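What follows is the residue order along each chain.
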Amino acid sequence: MSPTVRPPAKPLRLLEVLEPSGGGSGRHFLDLCRGMHARGHHVEAVYSPRRAEDGFLRELKEIGLPAVHAVDMHRAPGPSDLPAFRAIQRITRKAGPFDVIHGHSSKAGALTRLRLPGRHVPRVYTPHAFRTMDPTLGRGGRLIYGAIEAALAWFFTDHLIAVSDDERAHALTLGLPDARISVIVNGVLAPSPGLAKTVRASLGIPADAFVYGFIGRLAAQKAPERLLDAFQRVAGSVGDSHLVMIGAGDAEEELRQCIDETGLKDRIHLTSAFTGPQAVCAFDLIVMPSRYEAMSYVMLEAVAAARPIIISNVGGARTAVDHGENGFIVANSDNVSQLAKAMIAAADPERYAELAEAAEARRNRFTLEQMLDRTEEIYLRLAARRQR
């Protein structure tokens, strides 16, 4: 399903730049490029092939943008930043002029915002979770990255878009200028329930089983090992339960080995054969044990699919989950006892019926059109200010 096509209020020339071409930031980037292109704006995209996923590249090409540019950007700071910076500068000169340049993620955000003083094209920055939100980052790292973010925000950023109130609050703790920050929650199209039976059948899960679902990268940030540990405690209490984990990543091999050792291989299913939107309606409940987030697309898709959510206390959690109503917010801890207790409580038939009813009432809370509308308003305002 595509975003609504409508005549633009004023056609703009936009340059969207992203380094980590996958995950939630990649999803947001594609939605924004597709949505602004559908509204009649001239949109060009810059991405890094270094971490580009095949699905991301396929979708980006299918949008039909006037131009898509590949620039080799590395996640970590280093000597490679200089040629990447020069490449982006060449694109802005040769393909421009642009009305707005929008950098997504810390690396692309830094490379697109650095410039000489004076009249310039407005720069917008969306962090998609500040590096300083990672609880595993040491004090020294937080000071360094925080100082960089503050300097870029004060001297090189026309507007910063946070994707949750929690991310905005974190930005303020870093000393970023409040007047230049807007909160625009990511938006999603309602997932189709059409594949729910297919997903269950393909994994050999009975139609009446209670299914806990996980969707995300198999990486430390998403903490899939926490969920695996918790499910081992849950399995005996919720006898008809299954755990489905949708994703891939660096931790996949280790996770598969752990699954083999649980003795629950027939009830734990790890696959990347389906996307999140395809699979979410096959789950009774979404579990997100992440160590940090800004505003997870998985959580928003769960809301749009009217599925209760159990989530650790991370950024964006309270935006989508009213604790005890449409789900539970549990301690962000490697001690999974609270997570396991919440999973058991949610599977009680009477309690689950209450959670599901509350989830249904929140189904239309976060739409893609709302996200596009608010972002477009910022673009138009910045472009108009520049033309004065």
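See the structure above.
Quick summary incoming for the structure in this document. What you see is a predicted model; the values in this text were computed from it and never measured. (Residues numbered from 1 in each chain as written. Predicted model: local features only at pLDDT ≥ 70, side-chain atom pairs only at ≥ 80, totals over all residues. Heavy atoms only, no water.)

A few words on helix α13 (residues 337–347). Along α13, the residues that are buried comprise L339, A340, A342, M343, A346 and A347. All buried residues of α13 fall inside an arc of 160° around its axis, so they share one side. Of the surrounding elements, those touching the buried residues of α13 are β8 (210–215), α8 (224–234), β11 (285–288), β12 (309–312), β13 (327–330) and α14 (349–361). (Buried < 20%, exposed > 50% of the residue type's maximum accessible area, 1.4 Å probe, protein only. Helix = DSSP H or I, 4+ residues; strand = E, 2+ residues; numbered from the N terminus. Arc of directions from axis to C-beta. Contact = heavy atoms within 4.5 Å.)

Spatial strand order, β3-β2-β1-β4-β5-β6-β7: seven strands in an open sheet with parallel pairing. Only two strands of the sheet have a single partner each, and these edge strands are β3 (67–70) and β7 (181–183). Strand-to-strand twist across the sheet, computed as the mean angle between neighbouring axes with direction ignored, equals 20°. Those strands touched by helix α1 (residues 23–38) are β1 (13–18), β2 (42–47) and β4 (100–104), and its axis lies near 165° from that of β1. In this fold helix α6 (residues 165–173) packs onto β6 (159–162) and β7, with an angle of close to 160° to the strand it touches most, β7. (Pairing = 2+ DSSP bridges. Axes fitted to C-alpha atoms, helices over the stretch in contact; angles between N-to-C directions.)

The next point concerns the pairing of strand β9 (residues 241–246). Counting buried positions along β9 gives six out of six residues, so the element sits mostly inside the fold. Side chains S241, L243 and M245 project from β9 onto one buried face, and the interleaved H242, V244 and I246 project onto a second face that is buried too. Alignment of β8 against β9, held across six bridges, turns out to be parallel. Directly across from V211, in β9, lies its bridge partner H242. As a crossover connection, the stretch from β8 through α8 into β9 is right-handed. Note that β9 and strand β10 (residues 268–271) share four bridges and pair parallel. Each residue of the ladder has a partner; that of I246, found in β10, is T271. Regarding the hand of the β-α-β motif, the stretch spanning β9, helix α9 (residues 252–262) and β10 is right-handed. (Right-handed = clockwise from strand over helix to strand, strands pointing away.)

Now for the sheet that holds β11. Strand order in the open sheet formed by six strands is β10-β9-β8-β11-β12-β13, and the pairing between neighbours is parallel. Strand pairing shows two members of the sheet lacking a second neighbour, β10 and β13, which therefore form its edges. Neighbour to neighbour, the strand axes of the sheet diverge by 20° on average, direction disregarded.

Before going further, it helps to spend a moment on the layout of surface pockets. Within this model, the second largest pocket holds a volume of roughly 190 Å³. Along the walls of the second largest pocket sit 15 residues, with Q89, T92, I101, V121 and R123 positioned nearest its centre. The element best represented in the lining of the second largest pocket is helix α3 (residues 81–94), accounting for three residues. Its residues assigned to classes, the lining of the second largest pocket shows six nonpolar, four polar and five charged. (1 Å grid on protein atoms, 1.4 Å probe; cavity = no way out; pocket = protein on both sides within 12 Å on 5 of 7 lines; lining within 4 Å. Points joined across faces, edges and corners; volume = space filled by probe spheres on them. Nonpolar A, V, L, I, M, F, W, Y, C, P; charged D, E, K, R; others polar.)

Moving on: the packing of α3 against helix α4 (residues 106–113). Axis separation between α3 and α4 bottoms out at 9 Å; the angle between their running directions is 60°. Judged by the inter-axis angle, α3 sits oblique to α4. Handedness of the crossing formed by α3 with α4: right-handed. On α4, the residues that touch D81, A84, F85, I88 and Q89 of α3 are K107, L111 and T112. Grouping the amino acids of the contact of α3 with α4 by side-chain chemistry returns four nonpolar, two polar and two charged. (Parallel < 35°, antiparallel > 145°, perpendicular 65-115°, else oblique. Left-handed = near helix turned anticlockwise from the far one by under 90°.)

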